[in-house]
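Structural overview
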Amino acid sequence: MVFEIGAVPFNPDGWGPLDTSSPPPLSNHLSNVPFAPFSRSDKLGRIADWTRNYNPSSASRNHPHHSVFDFALDDPSSASPALTADEDPSFRLVDGKPPPRPRFGPRWRFNPNHNRPNLPQRRDDNPSQSEKDSRGGGGAGGQRSGPPDRRPFRPYGPNFHPRREAAVLKSSVDIQPEWTMLEQIPFSTFTKLSYSVPDPPEDLLVCGALEFYDRGYDRVNPRSGERRLERFKSRNFFKVTTTDDPVVRRLANEDRATVFATDTILSALMCAPRSAYSWDVVVQRVGNKLFFDKRDGSQLDLLSVNETSQEQLPDSKDDINSAHSLSVEAAYINQNFSQQVLVRDGNKVTFDEPNPFASEGEEVASVAYRYRRWKLDDDLYLVSRCEVHAISDNKGQRSFLTLNALNEFDPKYTGVDWRQKLETQRGAVLATELKNNANKLAKWTAQAMLGGADLMKIGYVSRTHPRDHYNHAILSVVGYKPREFAAQINLNPANMWGIVKSVVDLCMKLNEGKYVIVKDPMKPQVRIYEVPPDAFENEYVEEPLPEEEQVQPPAEDQTDGASAEVAVGDAVAVAASVEGGGEKKEVVSEA
């Protein structure tokens, strides 16, 4: 076969091919075939008609394609008219209208289950206008009256995963210009790590005293009657960092280990990939020893609330539902709950040594400190101070317990009302908390496993009224075995120790000095900075305000003596550092 290329004829009379009466340019060219486009998709015909009278200034908005390249409006009497829309059966009109906007806003996603009545859905006290219209509750005839509410309606269901609006989160520590960044580790690297340590670890020393758990709280539920949360003003709680612990100093002098930390610090590292808020850990390399510390007034002393939730909390610090206010409230609830669920008859179980942070005659909270040692390598040992909060005696067999409390502040933020769902849908309540507080629950589980607790008790504590953050009630208490609960929330011990081992190995390669590990407030990663030796030593710690300057609760909340007694204000710091007896200790007061 031969591809024949004919001569291109010149048309002196205009554009396009010559008259069909002229001889065909190719031998296989059909004669007497009129020139006309057979379909608008065929690229046949003239390229441009420069003879057309075209005035750009007179072009209409409705005909933006008026140009020398448009032949749809040619004169029908011309020699080779273009087919019109009516004559061309293959012509299809393209709709140029913009697509209709979604009914529920730009961020709405279709959920086939959102109309089911048994699914928990967010309901405000004053439903939005769009919700009224969808239920036929608008104006006359179901018409919309007034401006629409632009807040998107968010159905909740098993297949619904809303996107959290980007919030500007602040770093837990101010990064100074003289600090030197050494490493930047993404969380994707942490999730791939794995390391196994011998189990169980070795108990070097146990200090403190424990009271017995009151089994009556296992039967508390909203139906039979909730318990009012009591306040324990006389009991002191201690949050002492690693290097200020006299027992840790003694063990370090005896060369019992190379790495020293507390269960709070270790759990923050182990559960780092689940964290959203910023936190920081101070690392000190002294000789061949490594100490993991926390700063005075560190975020690690507080409890985050709705950290991993899709609902954004108010930004104002003065709002009772802001992240900071809820953290203070959660720490206050957690401490009081851990003492209320005990049998307070004076019967205690004492251990090797008394509480190392309490003065003589001082009333302290029920807590036992277990100094446990793990073998990380052939010549690398880690010692951690771990806490357990109570003891249980079941048929002569004693078990260690950890006590923690989840707090409900406003059902609107979660869509699940504990007082209605705890009895019938406890699994749904727990699933919601696992979604909104994944990091906090994982850290509680890690601390229970580090401390060798046989059982972890989790209490459900709610405000008596959504706008009253001074009065609370215990709705229910549920117990879990730490390792079974860890498997339920997909918390892998091998991955937890893999993160600790990698961080320890990285820090052991550093020179002697002080460093800080900071979780980036906006990105899933941690950074390691080298800081001056005197960093964090002269930081300002907020002291409690005088009573006359404290924020008082609403007048209606002071009708009885119990409410008036609670008027301490949310401006009181949860952890106030004091100096006493030559050793540094932190006494946690009410919030």
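Here is what the cut-offs are and how they apply
Residues numbered from 1 in each chain as written. Predicted model: local features only at pLDDT ≥ 70, side-chain atom pairs only at ≥ 80, totals over all residues. Heavy atoms only, no water. Helix = DSSP H or I, 4+ residues; strand = E, 2+ residues; numbered from the N terminus. Buried < 20%, exposed > 50% of the residue type's maximum accessible area, 1.4 Å probe, protein only. Contact = heavy atoms within 4.5 Å. Areas by Shrake-Rupley, 256 points an atom, 1.4 Å probe, with all protein chains shown as cover. Salt bridge = Lys/Arg side-chain N within 4 Å of Asp/Glu carboxyl O. Phe/Tyr/Trp six-rings, centres within 6.5 Å; stacked < 30°, edge-to-face > 60°. Lys NZ or Arg CZ within 6 Å of the ring centre and 35° of its normal. Pairing = 2+ DSSP bridges. Axes fitted to C-alpha atoms, helices over the stretch in contact; angles between N-to-C directions. Polar contact = N/O pair within 3.5 Å; in protein donor to acceptor, adjacent residues only side chain to side chain. pLDDT = per-residue confidence, 0-100. Expected span 1.5 Å × (residues − 1). Parallel < 35°, antiparallel > 145°, perpendicular 65-115°, else oblique. Left-handed = near helix turned anticlockwise from the far one by under 90°. Nonpolar A, V, L, I, M, F, W, Y, C, P; charged D, E, K, R; others polar.

You'll find the protein chain entered in an unreviewed UniProt entry as Eukaryotic translation initiation factor 3 subunit D, with Acorus calamus given as the organism.

**Focus on the overall build of the protein chain**
Within the protein chain, the regular secondary structure consists of 12 helices and 17 strands. The burial tally for the protein chain puts 45% of its 591 residues in the buried class. Nonlocal contacts in the protein chain, meaning residues at least 24 apart in sequence, comprise 72% of its contacts between residues at least 6 apart. Per element, the accessible surface of the protein chain, about 32,100 Å² overall, is 51% carbon and sulfur.

**A short note on the pattern of salt bridges**
On inspection of all chains with the given rule, the structure shows 19 salt bridges. One salt bridge in this structure joins R483 and D199, with 3.0 Å as the shortest N-O distance. One end of the pair, R483, is in helix 10 (residues 482-488); the other, D199, is in the loop between helix 2 (187-190) and strand 2 (202-211), and 284 residues separate them in sequence. Residue R463 pairs with E329 through a salt bridge whose shortest N-O separation is 2.8 Å. Of the two residues, R463 sits in strand 12 (residues 455-465) while E329 sits in helix 5 (residues 323-340), which places them 134 residues apart along the sequence. Under the relative-accessibility criterion, E329 is labelled buried at 5%. Salt bridges here are not isolated pairs; linked through shared partners, they connect D203, R370 and R372.

**Description of the packing of aromatic side chains**
Scanning the model with the defined rule gives 11 aromatic pairs in all. Ring geometry for F409 versus Y413: centroids 5.2 Å apart, planes at 45 degrees, classification tilted. Classification of Y413 as buried rests on a relative accessible area of 19%. Grouped by ring-pair contacts, the aromatic residues W179, Y529 and F536 constitute a single cluster. In this arrangement the basic side chain of R227 is found over the ring face of Y217, its NZ or CZ atom lying 4.7 Å from the centre. A cation over a ring is seen here: R373 above Y381, with NZ or CZ 5.0 Å from the ring centre.

**Quick look at the sheet that holds strand 13 (residues 468-480)**
The mixed open sheet is built from five strands, whose spatial order is 3-13-12-11-10. At either margin of the open sheet sits one strand with a lone partner, and together these are strand 3 (227-228) and strand 10 (390-394). The sheet contact formed by strand 3 and strand 13 spans two bridges and is antiparallel. The residue of strand 13 that forms the bridge with R228 is A473. Where helix 8 (residues 426-436) meets the sheet, it contacts strand 11 (397-408), strand 12 and strand 13, and its direction lies at approximately 110 degrees from that of strand 13.

**Considering the side chain of R231**
Relative to the helices and strands, R231 resides in the loop between strand 3 and helix 3 (246-253). Looking at R231, its side chain comes within polar contact range of the main-chain oxygen of Y470, at 2.9 Å. Side-chain polar atoms of R231 contact the side chain of N471, separated by 3.1 Å.

**Things to note about the confidence of the model for the protein chain**
Per-residue confidence for the protein chain gives a mean pLDDT of 76; residues scoring 70 or more make up 65%. Every residue in residues 104-166 is under pLDDT 50, and counting partners more than four places away or in other chains gives 81 contacts. Across residues 540-591 the pLDDT falls below 50, and counting only partners more than four positions away or on other chains, this stretch makes 98 contacts in the model.

**A closer look at the sheet that holds strand 14 (residues 513-519)**
In space, the 10 strands of this open sheet follow the order 1-15-14-5-6-4-9-8-2-7, with mixed pairing throughout. Of all the strands in the sheet, the pair left with one neighbour each is strand 1 (180-186) and strand 7 (348-350). Between one strand axis and the next, the sheet turns by 20 degrees as a mean value, whatever way the strands run.

**Overview of the pairing of strand 13**
Burial of strand 13 is extensive: 12 of the 13 residues sit out of reach of the surface. Examined bridge by bridge, strand 12 and strand 13 share nine bridges and lie antiparallel to one another. Within strand 13, the position partnered with I458 by the bridge is V478. Between the antiparallel neighbours strand 12 and strand 13 lie two residues.

**A word on the pairing of strand 2**
Two faces belong to every sheet, and in a regular strand the side chains alternate between them. With seven of 10 residues buried, strand 2 lies mostly within the body of the structure. Where strand 2 meets strand 8 (residues 367-377), seven bridges bridge the pair, whose relative direction is antiparallel. Paired with D203 across the two strands is R372, which belongs to strand 8. Strand direction decides the pairing type here: strand 2 and strand 7, joined by three bridges, are antiparallel. Bridge pairing links A209 to T350 in strand 7.

**Quick word on helix 9 (residues 438-450)**
Along its 13 residues, helix 9 runs 18 Å from first to last C-alpha, staying within 8% of the 18 Å computed at 1.5 Å per residue. Most of helix 9 sits out of view: 13 of its 13 residues are buried. The positive-phi residue at the C-terminal boundary of helix 9 is G452, with phi of around 70 degrees.

**Examining the environment of R295**
Topologically, R295 is positioned in the loop between strand 6 (289-293) and helix 5. The class of R295 is buried, set by a relative accessible area of 9%. A sequence separation of 54 residues divides R295 from T241, and the C-alpha atoms of the two residues are 7.8 Å apart. Looking at R295, its side chain comes within polar contact range of the side chain of D280, at 2.7 Å.

**Quick notes on the packing of helix 4 (residues 263-270) against helix 9**
Two elements in contact, helix 4 and helix 9, have axes whose closest approach is 9 Å; the angle formed by their N-to-C orientations is 125 degrees. In terms of their interaxial angle, helix 4 and helix 9 are classed as oblique. For the crossing formed where helix 4 meets helix 9, the hand is right-handed. On helix 9, the residues touching D263, T264, L266, S267, A268 and M270 of helix 4 are K443, A446, Q447 and L450. Of the residues that constitute the contact of helix 4 with helix 9, the class distribution is five nonpolar, three polar and two charged.

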